[in-house]
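Analysis of the macromolecular model
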Amino acid sequence: MQNRPSGFCNPWLQLGLSIACVFVSELLLKRGVTEVAEPESALSWTGLNGLASPLVWWAILLIVASFISWLYVLRYVPLSVAYPLSRVVDVLVPLGCWFFLSERISALRWCGIALVVTGLALVAKPIAKMEERL
Amino acid sequence: MSFLALLLIVVSLVTFVSAQLILKRAMGFSAANSMRNAYFVLRVLTGVVLMTISFFLTLGLLQRFDLSYLYPFQGLSVIFITVLAAVVLKEKLSARLAIGALLITAGIVLVSMS
């Protein structure tokens, strides 16, 4: 991680952008495919009928953006660090489902979210220290 | 959940995890070499194809299950990717990182059970 670019090219900023794009795209995908869902059709197991929804296309645009940021992150950050951190979306997505899609979150699910946050803190803390020293 | 649904979840997971490992290898290579060579392009393309397969399988599944239920299955990929990054890509795996990855996975499994 030497010669780490700063500003907009900072890999940690790009990781954040990538995560934000994934978060929004997941909510758009769920809303999009729900609008055009055909649970009886066997073809719909492939997911291709989802392309009928404009929201799905917006989501694909965001996924492409997140993918480019992610490739950039992979240039500088070990996969075993970057990937667990990227799973902060596993907290953001259920919260987003609760907030924007009115899905219910049970007590057990809240506990799961708390565990994920603890794990993320463990992975992230040595990195925060490392960055301070740079 | 039907056997087909479970199978599709597993396939989307496997394609996703292998895509990440292949892409990391390609990008690590590109940091030291030029991007205009067959080794790099082939790996990025393979990664993109695998991610695309995983993506459409997920879309199919999303039509049948709640996002907050289905999505965390991908969280199992944390364990797979962290371990495989250490084994296949020879990345250093500290105890702290391993415990962090375990907690994240445990949390995600709890979320998907509830």
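Just above, that's the structure.
Below: a short report on this structure.

Calculation rules
- Residues numbered from 1 in each chain as written.
- Chains lettered and ligands numbered in written order.
- Predicted model: local features only at pLDDT ≥ 70, side-chain atom pairs only at ≥ 80, totals over all residues.
- Helix = DSSP H or I, 4+ residues; strand = E, 2+ residues; numbered from the N terminus.
- Contact = placed C-beta atoms within 7 Å.
- Buried ≥ 20, exposed ≤ 12 C-beta atoms within 10 Å, placed from the backbone.
- Axes fitted to C-alpha atoms, helices over the stretch in contact; angles between N-to-C directions.
- Parallel < 35°, antiparallel > 145°, perpendicular 65-115°, else oblique.
- Left-handed = near helix turned anticlockwise from the far one by under 90°.
- Nonpolar A, V, L, I, M, F, W, Y, C, P; charged D, E, K, R; others polar.
- Core = buried A, V, L, I, M, F, W, Y, C linked by C-beta atoms within 7 Å.

Remarks on the overall build of chain A
A count of helices and strands for chain A gives five helices and zero strands. Listing every helix and strand of chain A by position from the N terminus yields α-α-α-α-α. In terms of overall dimensions, chain A has a C-alpha envelope of 55 × 35 × 25 Å along the principal axes. Of the contacts formed within chain A by residues at least 6 apart in sequence, a portion of 70% connects residues at least 24 apart.

Quick word on unusual backbone geometry
Residues and elements named next belong to chain A. Positive phi outside glycine occurs at S102, with the angle close to 55 degrees. The topology assignment puts S102 in the loop between α4 (89-100) and α5 (107-133). The exposure class of S102 is exposed, given the 7 C-beta atoms found within 10 Å.

Some remarks on the packing of helix α1 (residues 11-36) of chain A against helix α3 (residues 79-86) of chain A
Residues and elements named next belong to chain A. The interhelical angle for the contact between α1 and α3, taken along N-to-C directions, is 40 degrees, at an axis separation of 10 Å. Between α1 and α3, the angle falls in the class oblique. Between α1 and α3 lies a crossing whose hand is right-handed. Between α1 and α3, the contacting residues are L15, S18 and I19 on the first element and A82, L85 and S86 on the second. Class assignment of the residues belonging to the contact of α1 with α3 gives a composition of four nonpolar, two polar and no charged.

Details of the nonpolar core
Membership of the largest hydrophobic core comes to 55 residues, with the highest contact counts inside it found for L74 and A82 of chain A. Ignoring anything within four residues of it in the chain, the contact list for A82 of chain A reads L15, V73, L74 and V77 of chain A.

Focus on the interface of chain A and chain B
Each partner contributes residues to the interface: chain A has 42 residues there, and chain B has 43 residues. Elements with a minimum of two residues in the side of chain A that touches chain B: α1, α2 (54-76), α3, α4 and α5 of chain A. The element that contributes the greatest number of residues to the side of chain A that touches chain B is α5 of chain A, accounting for 14 residues. Each residue belonging to the side of chain A that touches chain B can be placed in one class, and the counts come to 26 nonpolar, nine polar and seven charged.

Brief notes about the packing of helix α1 (residues 3-32) of chain B against helix α2 (residues 38-62) of chain B
All names here are of chain B. Running from amino to carboxyl end, α1 crosses α2 at an angle of 155 degrees, the nearest separation of the two axes being 8 Å. The pairing of α1 with α2 is recorded here as roughly antiparallel in orientation. Crossing of α1 over α2 shows left-handed handedness.

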